[in-house]
Amino acid sequence: MNLILLGAPGAGKGTQAELLTQKLSIPAISTGNMLREAMANGTELGKKAKKFMDEGYLVPDELILGIVADRVAMPDCANGFILDGVPRTLAQAEALEEKGIKIDHVVSIEVDDSEIEGRMTGRRVCSKCGASYHVAANPPRAEGVCDACGGALIVRKDDAPETVRHRLEVYHASTEVLKDFYGKLGRLRLVNGSQSIEGANEDILKAIGAKV
Ligand code: ADP
Ligand code: AMP
């Protein structure tokens, strides 16, 4: 099963991708995590992406398409994959189609803008594996430490309130149109993301016809 998670920044894509990975036994592919890793390793890609990411702009499509095509071609994606944070523009969605990367379901996690800032100020992410936590809604077992890998939890630079506001504008201007794109292809499912993490997860599983 090849799945895309759509939604505004902070809608819960990363959180849900992790849960779905465990339940469906297919990998989650987060372009945001891949770019942050590239930045941490100081690669060419990381250097090119840094200024866009820090200021909440989208990274140019050509940088994204190469890394996604390479990743979904890896053997662990043979039975399916979950795309988290990609595609984010019409050009990226069209390129996936042109490359023959088949998508079965697109789930848009719907959360109102007014709820996003609180989620972002409380978000903590693992500096090693990228797992996402929230100080109140989804705290780690030990403060500051990732449950999954023991890595240190950090605050993302682009989660500063003014950058979050800009990222929401970018979402409405460039990414939201993908709901129309996949709606016309008959693949779009909307899920209420303004409920508990477990509730949203159940709704996503039902929306894609998987066992809850
Ligand atoms: P995205 O990947 O869409 O940017 P995340 O999965 O990182 O979003 O979630 C953003 C923040 O909101 C994180 O701190 C996460 O723990 C929290 N969060 C995710 N889902 C929910 C939910 N259903 N209710 C409350 N907080 C949530
Ligand atoms: P995320 O971790 O998904 O919130 O992404 C963090 C940042 O990485 C975004 O604000 C963009 O700067 C960049 N990014 C991640 N995925 C993409 C993408 N598919 N297209 C363009 N930029 C991206």
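For the structure, check the block above.
Residues numbered from 1 in each chain as written. Chains lettered and ligands numbered in written order. Predicted model: local features only at pLDDT ≥ 70, side-chain atom pairs only at ≥ 80, totals over all residues. Heavy atoms only, no water.

Caption draft 1: Geometry of the environment of Ala142. With respect to the secondary-structure elements, Ala142 resides in the loop between strand 6 (132–134) and strand 7 (153–154). Here the alpha-carbon distance between Ala142 and Gly46, two residues 96 residues apart in the chain, equals 30 Å. (Helix = DSSP H or I, 4+ residues; strand = E, 2+ residues; numbered from the N terminus.)

Caption draft 2: Spatial organisation of the site of ligand 1. In the region of ligand 1, 19 residues are neighbours, and Thr15, Arg123, Ser132, Tyr133 and Gln195 sit closest. One nitrogen or oxygen atom from the side chain of Ser132 is found 2.7 Å from an oxygen atom belonging to ligand 1. Here ligand 1 has 560 Å² of accessible area as a free molecule, and 91% of this is covered by the chains. Contributing elements (two or more residues each) for the shell around ligand 1: helix 1 (13–24) and strand 6. Residues of the shell around ligand 1, tallied by class, amount to six nonpolar, ten polar and three charged. (Near = heavy atom within 4 Å. Polar contact = N/O pair within 3.5 Å; in protein donor to acceptor, adjacent residues only side chain to side chain. Areas by Shrake-Rupley, 256 points an atom, 1.4 Å probe, with all protein chains shown as cover. Nonpolar A, V, L, I, M, F, W, Y, C, P; charged D, E, K, R; others polar.)

Caption draft 3: Structural context of the side chain of His105. Its location among the elements puts His105 in strand 4 (residues 105–110). One polar contact links the side chain of His105 to the main-chain carbonyl oxygen of Ile208, over a distance of 3.5 Å. The residues touching His105, leaving out its near neighbours within four places in the chain, are Met1, Asn2, Leu3, Ile4, Arg187 and Ile208. (Contact = heavy atoms within 4.5 Å.)

Caption draft 4: Highlighting the site of ligand 2. Taken together, the neighbourhood of ligand 2 is formed by 16 residues, with Thr31, Arg36, Tyr57, Gln92 and Arg156 sitting nearest. Within the side chain of Arg156, an N or O atom sits 3.0 Å from an oxygen atom of ligand 2. The fraction of the free accessible surface of ligand 2 (480 Å²) that becomes covered by protein chains is 96%. By residue number, the principal contributor to the shell around ligand 2 is helix 2 (residues 31–40), which donates four residues. For the shell around ligand 2, a count of residues per class yields seven nonpolar, four polar and five charged.

Caption draft 5: Representation of the sheet that holds strand 8 (residues 188–192) in the model. Across the sheet, five strands lie side by side as 2-3-1-4-8; this open sheet has parallel pairing. The two strands at the open ends of the sheet, each matched to only one other strand, are strand 2 (28–30) and strand 8. Recorded for the sheet is a direction-independent mean angle of 25 degrees between the axes of neighbouring strands. Both strand 4 and strand 8 contribute to a ladder of five bridges, which runs parallel. In the sheet register, Val106 faces strand 8, and the bridge partner there is Leu188. Along the sheet, helix 9 (residues 197–207) contacts strand 4 and strand 8; its crossing angle with strand 8, the most-contacted strand, is approximately 160 degrees. (Pairing = 2+ DSSP bridges. Axes fitted to C-alpha atoms, helices over the stretch in contact; angles between N-to-C directions.)

Caption draft 6: Quick peek at the pattern of salt bridges. According to the stated counting rule, one finds 15 salt bridges in the structure shown. A salt bridge links Asp76 to Arg71, with the shortest nitrogen-to-oxygen separation between them at 2.8 Å. With relative accessibility at 16%, the residue Arg71 sits in the buried group. One salt bridge in this structure joins Asp159 and Arg123, with 2.8 Å as the shortest N-O distance. Of this pair, Asp159 sits in the loop between strand 7 and helix 7 (161–175) while Arg123 sits in strand 5 (residues 123–126); the two residues are 36 residues apart in sequence, bridging distant segments of the chain. The exposure class of Arg123 is buried, given its relative accessible area of 12%. (Salt bridge = Lys/Arg side-chain N within 4 Å of Asp/Glu carboxyl O. Buried < 20%, exposed > 50% of the residue type's maximum accessible area, 1.4 Å probe, protein only.)

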